[in-house]
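Summary of the model geometry
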Amino acid sequence: MVELSNFKPQKEFFIGIDSDGTAFDSMTIKHTDSFIPMIFEVWGMEDKKQEICELEEFINLYSKLRGINRFPGLLLLFKELKKRGIFDRDLTAFDEFCNSKVKMSNASLVEFIKTHDDALLREVLEWSRGADELFSKGTESLKPFPSVAKALEKASEFADIVIVSSASAEGLKTDWERGGILKFVTCLCGQEAGSKKQQLKAAAYGNYASDKILMLGDALGDLEAARAVGAHFYPIIPKKENDCWDKFIAEGLDKFKDGSFAGAFEQSMIDEFDAGLPEYNL
């Protein structure tokens, strides 16, 4: 496996694969076992636990906002809770941070707090750091979805397999190695290599024929990244992940290889994907 800076095509086909929520069920763990518990740890509100859990999961996992950065996702949750009279805090500084042009991260929040000393922002940082600790512990024995290894083994026979992800490269390497699937990977791209669009453009655009580039993902951002470079897209649909991987093995890979992926097959999968993620309009 090579880094993006040293990547050169080895095969005729390219398959980019997102990690969180696509190869691993880590999106669910991130929210149900990390972000949500820390909400109650920092802000209480246990008397509204079911309502808050359902809202947080809808916004971040089961709507078209799936994959949204943690900070804007939390801000949307707070705004909805304020409408319902559950959360009564000043969101001005948090809103300003989320609408700033800085990269949304713990480090950027620390810098923002230096010039915007706000109690809620300090609590948000505590929440984020605590969630990272819970997530790290909760994913120590994380395994990929059952059919991922079989799919990658089959795909690697004719395609370069490239991880395209917004997670850190170090974390990706750990997860894929521990999951026994790093051996199928040609190149690993993490957040250090830029956005998913930037990663795909650097690794695939111009290096392969456009009809021989495919992206697999579980969020609309993955579809948008694929479209930005003219690539095909195969969705791993939330709550149907295992079925999607099995169908990819049974049909998708062969269709991609023989040139019949585009058209009815690809569109039917995208339509099902789109229908499974409703608009966020609470």
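See the structure above.
Below you will find a few notes about this structure. (Residues numbered from 1 in each chain as written. Predicted model: local features only at pLDDT ≥ 70, side-chain atom pairs only at ≥ 80, totals over all residues. Heavy atoms only, no water.)

What follows is about the packing of helix 3 (residues 70–83) against helix 6 (residues 119–138). Look at helix 3 against helix 6: their axes get within 12 Å of each other, and the N-to-C directions meet at 120°. By the criterion of interaxial angle, the relationship of helix 3 to helix 6 is oblique. For the element pair helix 3 and helix 6, the recorded crossing hand is right-handed. On helix 6, the residues that touch R70, F71, L74 and F78 of helix 3 are L120, V124, W127, S128 and D132. (Axes fitted to C-alpha atoms, helices over the stretch in contact; angles between N-to-C directions. Helix = DSSP H or I, 4+ residues; strand = E, 2+ residues; numbered from the N terminus. Parallel < 35°, antiparallel > 145°, perpendicular 65-115°, else oblique. Left-handed = near helix turned anticlockwise from the far one by under 90°. Contact = heavy atoms within 4.5 Å.)

This paragraph deals with the pattern of salt bridges. Here the structure, examined in full by the defined rule, presents 18 salt bridges. The residue K79 makes a salt bridge to D95 at a minimum N-O spacing of 2.8 Å. With a gap of 16 residues between them, K79 in helix 3 and D95 in helix 4 (residues 92–98) connect regions that are remote in the sequence. Relative accessible area serves as the criterion here: at 34%, K79 is assigned to the partly exposed category. For D95, a relative accessible area of 21% translates into the label partly exposed. A salt bridge links R84 to E80, with the shortest nitrogen-to-oxygen separation between them at 2.9 Å. A relative accessible area of 38% places R84 in the partly exposed class. A single salt-bridge network, built from bridges that share partners, covers E51, E80, K83 and R84. (Salt bridge = Lys/Arg side-chain N within 4 Å of Asp/Glu carboxyl O. Buried < 20%, exposed > 50% of the residue type's maximum accessible area, 1.4 Å probe, protein only.)

Here we come to the nonpolar core. In this structure, I15, W176, L216, Y234, W245 and F248 are the most contacted members of the largest nonpolar core, which totals 61 residues. At 6 residues, helix 11 (residues 241–258) tops the list of elements feeding residues into this core. Every residue in contact with W245, bar those within four places of it in the chain, is listed here: I17, T22, A23, F145, S147, V148, A151, L216 and I236. Listed in part, the 35 residues of the second largest apolar core include I52, L74, L81 and C98. (Core = buried A, V, L, I, M, F, W, Y, C linked by side-chain atoms within 4.5 Å.)

On to the pairing of strand 2 (residues 13–17). Burial within strand 2 is extensive, with 5 of its 5 residues counted as buried. Burial along strand 2 is two-sided: F13, I15 and I17 and F14 and G16, pointing in opposite directions, are all buried. Pairing of strand 2 with strand 3 (residues 159–164) involves 5 bridges; the strand directions are parallel. Pairing of F14 across the sheet is with D160, part of strand 3. Judged from the 4 bridges that link them, strand 2 and strand 5 (residues 213–217) form a sheet pairing that is parallel. Across the sheet, residue G16 finds its bridge partner in strand 5, namely M215. (Pairing = 2+ DSSP bridges.)

Once that is clear, we can look at the side chain of S108. Mapped onto the elements of the fold, S108 is located in helix 5 (residues 106–115). Judged by its relative accessible area of 14%, S108 falls in the buried class. Aside from chain neighbours lying at most four places away, what touches S108 is F97, V102 and K103.

Among the secondary structure elements, K196 is positioned in helix 9 (residues 196–203). Engagement of the side chain of K196 in a polar contact is seen with the side chain of D18, the distance being 3.0 Å. Residues in contact with K196, not counting those within four places in the same chain, are D18, V164, S165, S166, D222 and A225. (Polar contact = N/O pair within 3.5 Å; in protein donor to acceptor, adjacent residues only side chain to side chain.)

A separate point is helix 5. Those residues of helix 5 not exposed but buried are N106, S108, L109, F112 and I113. Buried residues in helix 5, looked at end-on, bunch into an arc of 155°, giving them a common side. Away from its buried face by more than 90 degrees, helix 5 exposes A107, K114 and T115. As for helix 5, its buried residues are in contact with helix 3, helix 4 and helix 6. (Arc of directions from axis to C-beta.)

Fair warning: the whole summary comes from geometry, so function is off the table for now.
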